[in-house]
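Working through the structure, step by step
Okay, here's what each chain looks like letter by letter:
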Amino acid sequence: GPSGTVTWNPADKDSFIVLSNGNLTATMSSVNSGKSVRATFGRSAGKYYFEVYNDATSTSPYCAIGVASAMQGLGHWLWEDDGYGVYQETGYKEHVATGGAYMSPWGTGDTIGVAVNFDDGEIAFFKNGSSPGVAFTGVSGTLFPIITLYRADAPAHQMTGCFKSADFAYSP
């Protein structure tokens, strides 16, 4: 497991994202454009789950939540290079050039859960504890939690990661 607490990584983020709250809260600054931040710890085996709380995302609902390798660029959407995610505005699942309808959109106050099952090569997403089922199959490699924020204008996009099971709002 990780040594110490998993947080958003201050050394692995786009410069327009500002971290606070012990590096658990990410806030967009200065530009309206998709920018990403990766967590400090990735996994490649077993099962894991984490949650992202939407502190402020309803205005310009262009955020994304998911997992990606260390190769995924941070200056754009989390799925563009190799990540797997869900897109806030539509609820679509997205991976590289493929995507499609998956879940309902979300906004401020909603908690999005991400469940990665490397044993079966699957990823599922949850909105406030409810999942439409498996979003992606054939998943492998070392994957890190990642989010994409978009809006810098007030109210700026802000999300808080939860990586400790004791703090989860929902159980997968």
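In this report, the structure presented in the accompanying data block is examined. Every value quoted in this text rests on a predicted model; they were computed, and no experiment measured them. Numbers given for residues are sequential positions, taken from 1 along each chain in its written order. Under the rules for a predicted model, residues below a pLDDT of 70 receive no local features and side-chain atom pairs below 80 are neither given nor counted, while totals for whole chains, interfaces and linings still include all residues. In computing side-chain properties, one takes all heavy atoms of the structure into account and sets aside hydrogens as well as water.

Glancing now at the packing of aromatic side chains. In this analysis, rings of Phe, Tyr and Trp, with Trp reduced to its six-membered ring, are considered paired at centre separations within 6.5 Å, and the interplanar angle assigns stacked below 30 degrees, edge-to-face beyond 60, and tilted for intermediate values. This model, assessed by the stated rule, comprises 14 aromatic pairs. Here the aromatic rings of Trp 8 and Phe 163 are separated by 5.1 Å at their centres, their planes lie at 85°, and the arrangement is edge-to-face. Of this pair, Trp 8 sits in strand S1 (residues 8–13) while Phe 163 sits in the segment after strand S14 (158–162); the two residues are 155 residues apart in sequence, bridging distant segments of the chain. When accessible area is computed with a 1.4 Å probe and restricted to protein chains, residues below 20% of their type maximum are described as buried, those above 50% as exposed, and intermediate ones as partly exposed. On the accessibility criterion, Trp 8 (0% relative accessible area) is buried. Between Tyr 48 and Phe 50 the ring centres are 6.2 Å apart and the planes differ by 20°, which places this aromatic pair in the stacked class. Judged by relative accessible area, which is 8%, Tyr 48 ranks as buried. By the criteria applied, helices consist of DSSP H or I runs no shorter than four residues and strands consist of E runs no shorter than two, each listed in order from the N terminus.

Let's shift gears to unusual backbone geometry. Following Ala 154, the chain continues to Pro 155 via a peptide bond in cis, the omega torsion being 0°. Its location among the elements puts Pro 155 in the loop between strand S13 (144–149) and S14. Residues other than glycine seldom take positive phi values, yet Asn 23 does so here, at roughly 65°. Take Asn 23: it is sitting in the loop between strand S2 (17–20) and strand S3 (25–28). What makes Asn 23 partly exposed here is its relative accessible area of 26%. At Asn 128, a residue that is not glycine, the phi angle is positive and equals roughly 50°. Along the polypeptide, Asn 128 turns up in the loop between strand S11 (122–127) and strand S12 (134–136). Take Asn 128: its relative accessible area is 29%, and that puts it in the partly exposed class.

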